[in-house]
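Structural features, examined
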Amino acid sequence: MMAGKFVVALALSLGLASGAALAQSDAGAPAVAAAAAANLFAKPLTLRGTLGDAKIEMHLQLKPDPTEGIQGTYAVAGQSGKILLAGESENTDVIMEESINGKDVSGEWAGTLVGDTFRGTWSTTDDAVTKPFVLVVQQPAQTARTGK
């Protein structure tokens, strides 16, 4: 699965980050990219938008050990259950797996977070079903006004 490759790439990039201050050439570019990826999730994010035709709300944040990637949940409007998310980010690319039951992977998210828009494709683990998604980062004032 591609997610494993991103874990390795992210770990390598974060390992290089400690030497970024000493780098004097383009060799420091991966370290700068890793720092930028960590900055995307420096604070927990609330995103709202669509997954296919469904309206969803997603919450993402760094894992307690940021070198292990990101985690979160999402819920479909009108449904009570939350679906768990875990994944990695590299530069603006985000790859996540989801789990409905907390054990088995039920879907995969692949997209980019550019500015305040996270866009890409959701798919079942066998790629039999794919859906586009477009989510927009909500500012804290917007989240507070809606009470979510």
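One can find the structure itself at the top, above this paragraph.
Structural notes, computed from the coordinates.

This part covers the packing of aromatic side chains. Tallying each qualifying case throughout the model produces 3 aromatic pairs. Between the aromatic rings of Tyr-74 and Trp-109, the centroid separation amounts to 5.1 Å while the plane-to-plane angle is 75 degrees, which identifies the pairing as edge-to-face. You can see Tyr-74 sitting in strand S3 (residues 70-76) and its partner Trp-109 sitting in strand S6 (residues 107-114), a full 35 residues away along the chain. Among the residues examined, Trp-109 registers a relative accessible area of 0% and is labelled buried. Three or more aromatic residues joined by ring pairs form one cluster here, namely Tyr-74, Trp-109, Phe-118 and Phe-133.

With 6 bridges connecting them, strand S5 (residues 93-99) and S6 associate as antiparallel partners. Bridge pairing in S6 places Glu-98 opposite Gly-107. The pairing of S6 with strand S7 (residues 117-123) spans 7 bridges and is classified as antiparallel. Considered in S7, the bridge of Trp-109 is made with Trp-122. The antiparallel pairing of S6 with S7 creates a hairpin that spans 2 residues between the two strands, and Gly-115 there sits at a positive phi of about 65 degrees.

So, about unusual backbone geometry. Residues other than glycine predominantly adopt negative phi, and peptide bonds predominantly adopt the trans conformation. Of note in this structure, Asn-91 is not a glycine but carries a positive phi near 55 degrees. Looking at where Asn-91 falls in the secondary structure, it is placed in the loop between strand S4 (83-90) and S5. In the Ramachandran plot, Asp-127 falls in the positive-phi region, its phi being about 65 degrees despite a non-glycine side chain. Tracing the backbone through its elements, the reader meets Asp-127 in the loop between S7 and strand S8 (130-137).

Cut-offs and rules
- Residues numbered from 1 in each chain as written.
- Predicted model: local features only at pLDDT ≥ 70, side-chain atom pairs only at ≥ 80, totals over all residues.
- Heavy atoms only, no water.
- Phe/Tyr/Trp six-rings, centres within 6.5 Å; stacked < 30°, edge-to-face > 60°.
- Helix = DSSP H or I, 4+ residues; strand = E, 2+ residues; numbered from the N terminus.
- Buried < 20%, exposed > 50% of the residue type's maximum accessible area, 1.4 Å probe, protein only.
- Pairing = 2+ DSSP bridges.

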